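Here is how the chains run, residue by residue.
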Amino acid sequence: MKSLCNKILLAFLILFAGIKVYALDVVYPTSYNMNINAPSTFFVGNTNPEEILTINGVKIDVHPSGAFAQKVPLNIGKNVFTITSDWNKKVYTINRKAILSVSYNNSNPMNNFKKFDKEKFVYVKKDGTALRSTPVEQGINRLSHLEKDVILKVDGEMYGLYRVVLSENNYAWINKKAVYENVINEEPETAKLIAKSFTQSNHSKFYKIKLTQRIPYYVEESNPLVLHLFNTDGSETVFPINLKHNLSGYDAYYEGDCLVLEIKKKLNVYRFRPLRDITIVIDPGHGGNEKGAVSCLRNYEKDINLKIALYLYKELSRKGANVYMTRFTDEFVSLNDRVKFSNEKNADIFISIHANSLPDGKDPMKERGTSVYYYYNESKPLAESILNNIVNKVHTNNDGLYQRSFAVVRNSRALSVLVETAYVINPYDNILLINEKFQKNCAKAISNGVIEYLKSIQIN
Ligand SMILES: [Zn+2]
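S.K.: Would you explain the overall build of the protein in this entry?
M.R.: Each helix and strand in the protein was counted, giving 7 helices and 28 strands. Relative to its full complement of 460 residues, the protein shows a buried share of 50%. In the protein, the proportion of contacts linking residues at least 24 apart, taken out of those at least 6 apart, comes to 66%. Carbon and sulfur atoms make up 49% of the accessible area of the protein, which amounts to about 22,900 Å² in all. Of the side chains in the protein, 59 bear a positive and 47 a negative charge, and the two mean positions are spaced by 5 Å.

S.K.: Explain the sheet that holds strand S24 (residues 322–325) to me, please; I cannot follow it from the model alone.
M.R.: Where strands meet in a sheet, backbone hydrogen bonds hold them as pairs that are either parallel or antiparallel. Read from one edge of the open sheet, 6 strands run S24-S23-S25-S28-S26-S27, paired in mixed fashion. Looking at which strands have only one partner, the edges of the open sheet turn out to be S24 and strand S27 (398–403). Between one strand axis and the next, the sheet turns through 20 degrees on average, direction left out of account. Taken together, the 4 bridges between strand S23 (residues 279–284) and S24 define a ladder with parallel strand orientation. In the strand pairing of S24, Ile 280 is matched with Val 323. The sheet contacts of helix H4 (residues 380–393) involve strand S25 (349–356), strand S26 (370–374), S27 and strand S28 (415–423), and relative to S26 the element is tilted by about 170 degrees.

S.K.: What is the right way to look at the coordination of the zinc ion in this model?
M.R.: The textbook angles at a metal center are 109.5 degrees for a tetrahedron of four donors and 90 or 180 degrees for an octahedron of six. Every protein donor of the zinc ion is listed here as His 286 (NE2), Glu 301 (OE) and His 354 (ND1), and their distances to the metal cover 2.1 to 2.2 Å. Counting the intervening residues between successive donors of the zinc ion yields the motif H-x14-E-x52-H. Of this pair, His 286 sits in the loop between S23 and helix H2 (301–318) while His 354 sits in strand S25; the two residues are 68 residues apart in sequence, bridging distant segments of the chain. As far as burial versus exposure is concerned, His 286 and His 354 are alike and both buried.

S.K.: Can you walk me through the domain arrangement of the protein in this structure?
M.R.: Accessible area lost when the parts come together is the quantity often used to give the size of an interface. For the protein, the assigned domains are domain 1 (2–96), domain 2 (113–266) and domain 3 (279–456). A straight line from the C-alpha centre of domain 1 to that of domain 3 covers 32 Å. Counting residues at the interface gives 19 residues for domain 1 and 17 residues for domain 3. Between domain 1 and domain 3, roughly 1,400 Å² of surface is buried when both sides are summed, and carbon and sulfur atoms account for 65% of that area. Area buried by domain 1 at its contact with domain 3 is led by Phe 42, His 63 and Ala 69, which between them contribute 36% of it. Across the domain 1-domain 3 interface, the total number found is 1 salt bridge. Linking Arg 298 and Asp 25 is a salt bridge whose minimum nitrogen-to-oxygen distance equals 2.8 Å. Joining domain 1 to domain 3, the criterion identifies 6 residue pairs in polar contact (both at pLDDT 80 or more). If you list the elements that add at least two residues to the side of domain 1 that touches domain 3, you get strand S1 (25–28), strand S3 (40–46) and strand S6 (67–73).

S.K.: Sorry, what's going on with the side chain of Ser 295 here?
M.R.: For Ser 295, the position within the fold is in the loop between S23 and H2. A polar side-chain atom of Ser 295 sits 2.7 Å from a polar atom in the side chain of Asn 299. Of note is the side chain of Ser 295, whose polar atom sits 3.1 Å from the side chain of Asn 430. Discounting residues that sit within four places of it in the chain, Ser 295 has contacts with Val 27, Val 424 and Asn 430.

S.K.: Would you explain the packing of H2 against helix H7 (residues 436–456) in this entry?
M.R.: For any two helices packed against each other, the geometry is given by the interaxial angle and the distance between the axes. For the pair H2 and H7, the least separation of the axes is 8 Å and the interaxial angle reads 50 degrees. The orientation of H2 with respect to H7, classified from their angle, is oblique. Judged by the twist between their axes, the crossing of H2 over H7 is right-handed. Along the contact surface, H2 presents Lys 307, Ile 308, Tyr 311, Leu 312, Glu 315 and Leu 316, while H7 presents Glu 436, Gln 439, Lys 440, Cys 442, Ala 443, Lys 444, Ile 446 and Ser 447. For the contact of H2 with H7, the residue count by class is 7 nonpolar, 2 polar and 5 charged.

S.K.: Any chance you could explain the packing of aromatic side chains here in plain terms?
M.R.: We describe a pair of aromatic rings using the distance from one ring centre to the other and the angle between the two ring planes. With the rule as written, the count across this model stands at 15 aromatic pairs. Consider the rings of Phe 43 and Phe 81, whose centres lie 5.5 Å apart with planes at 65 degrees: the pair is edge-to-face. Of the two residues, Phe 43 is situated in strand S3 and Phe 81 in strand S7 (residues 77–84); the sequence distance between them amounts to 38 residues. In this structure, Phe 43 and Phe 81 share a single accessibility class: buried. Aromatic pair Tyr 324 and Phe 341: ring centres 6.3 Å apart, planes at 80 degrees, arrangement edge-to-face. In this pair, Tyr 324 sits in strand S24 while Phe 341 sits in helix H3 (residues 335–344), placing the two residues 17 residues apart along the sequence. The exposure class of Tyr 324 is partly exposed, given its relative accessible area of 31%. Among the residues examined, Phe 341 registers a relative accessible area of 21% and is labelled partly exposed. Among the aromatic residues, those joined into a cluster by ring pairs are Tyr 32, Phe 43, Phe 81 and Tyr 92. Of note, Lys 120 hangs over the ring of Phe 116, and the distance from its end group to the ring centre comes to 5.0 Å.

S.K.: Even after reading the chapter, I still don't get unusual backbone geometry, so can you show me in this structure?
M.R.: Both trends apply: most residues other than glycine have a negative phi, and most peptide bonds are in trans. The omega torsion across Tyr 28 and Pro 29 is 0 degrees, close enough to zero to call that bond cis. You can see Pro 29 is positioned in the loop between S1 and strand S2 (33–35). Of the consecutive residues Asn 223 and Pro 224, the connecting peptide bond is found in the cis state with omega at 5 degrees. Tracing the sequence through the fold places Pro 224 in the loop between strand S18 (217–220) and strand S19 (225–230). The phi dihedral of Asn 169 is positive, around 55 degrees, even though this residue is not glycine. The residue Asn 169 is located in the loop between strand S13 (161–167) and strand S14 (170–175) in this model.

S.K.: So what exactly am I meant to see when it comes to H4 here?
M.R.: Counted at 1.5 Å a residue, the expected span for H4 with its 14 residues is 20 Å, and the 20 Å between its end C-alpha atoms agrees. Regarding H4, the residues found buried are Leu 382, Ala 383, Ser 385, Ile 386, Leu 387, Asn 389, Ile 390 and Val 391. In the core, the buried residues of H4 are packed alongside S25, S26, S27, S28 and H7. The first or second residue beyond H4 is His 395, which carries a positive phi of 60 degrees.

Here is what the cut-offs are and how they apply
Residues numbered from 1 in each chain as written. Predicted model: local features only at pLDDT ≥ 70, side-chain atom pairs only at ≥ 80, totals over all residues. Heavy atoms only, no water. Helix = DSSP H or I, 4+ residues; strand = E, 2+ residues; numbered from the N terminus. Buried < 20%, exposed > 50% of the residue type's maximum accessible area, 1.4 Å probe, protein only. Contact = heavy atoms within 4.5 Å. Areas by Shrake-Rupley, 256 points an atom, 1.4 Å probe, with all protein chains shown as cover. Lys, Arg positive; Asp, Glu negative; His and termini not counted. Charge placed at Lys NZ, Arg CZ, Asp CG, Glu CD. Pairing = 2+ DSSP bridges. Axes fitted to C-alpha atoms, helices over the stretch in contact; angles between N-to-C directions. Donors = N, O, S within 2.8 Å, 3.2 Å for Na, K, Ca; no water. Domains from an automatic or database assignment. Buried area = accessible area lost by both parts, 1.4 Å probe. Salt bridge = Lys/Arg side-chain N within 4 Å of Asp/Glu carboxyl O. Polar contact = N/O pair within 3.5 Å; in protein donor to acceptor, adjacent residues only side chain to side chain. Parallel < 35°, antiparallel > 145°, perpendicular 65-115°, else oblique. Left-handed = near helix turned anticlockwise from the far one by under 90°. Nonpolar A, V, L, I, M, F, W, Y, C, P; charged D, E, K, R; others polar. Phe/Tyr/Trp six-rings, centres within 6.5 Å; stacked < 30°, edge-to-face > 60°. Lys NZ or Arg CZ within 6 Å of the ring centre and 35° of its normal. Expected span 1.5 Å × (residues − 1).

Dropping the structure here:
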């Protein structure tokens, strides 16, 4: 009855008194009934900052912009949350499942390994399949990305991955689903080396090894750079290549039965115009139907990323770099196409721009600031320079420098980094991210980070 009276009063105020009434906009959780299997979740959204906001009767802090983010604990089973502002009331039911006990033997993980009676040979199904150093289907444990039809000897399985026998006591792992099984029962012929050759373009040197079939390989990032090649009979061949400069990107791949090791040439950096002749691809994350993270104030990450990227595009172009964007407008571009574009443009540097969010279980009021990610070690100094410039000049919180396996930084041949400028679901960061001055300063700091890095490797 009371709520009916409130509604009538509210309608009266809107119609006759002209009072501005704010809706209570809950951005997350995204529906009134959800299953969340974490010890906590959070309410993120916006309301009139002058109204009192409560969750289950407890008053919640609201940022002057109206944004709020409140962590709430979850019990096993049904959790009911009533969120109210002066004129609104919403009820959320969140179910947290009991944790199923996992029966892995953790004392010695290899107790979970099932060895086959007999080794078997399988073929890789698709290009870009990860060959891993540990039986974990994620993270930075990739030894290489194998192409379709590479032949592998496997001798057992664990956690859904086959153990690949590269050479004696040298193993790798591959997802069971990534290979064709039982294709060969007989011992296959060993691959033969037909010819070795060397060519070069303006951007890269190509070391080519022509074989009779595709066999597994990986590249050891060191100086000399070492290409390891493993034959079906368990023999290993190594091709060391002396580097006369810091690595600025490499790739190994099959063209037919020819294994190509492409090494990018050193960057030509001029003292007074460090960006001259440097090709940079800027990648504004997400776009189109893929909105990315949604902020407290319901801004989309894809729009914030594009704005910062466009300022960065202007800044780097003005200073003389050849700059390309994976998208200039609000459109969907697949991760693969972003990487392909960067490789087609022979990018020296690839910068992906994002804004951060958090999974359930974290506290969006406690996480703030900028983090920068890289995958290959040669990209780390660039990532570090960009992070330092942002936190020192724009004064965001330093949220860290990380080596992570993001597809865009992993597959591009350029020096590649991914910048998480700030957190969209933190009210304080949210207000910065939608501020034009912040976006411009952030772009400027990234550009300065690139320039500082280039100066550090300057040779001319
Ligand atoms: Zn993103």
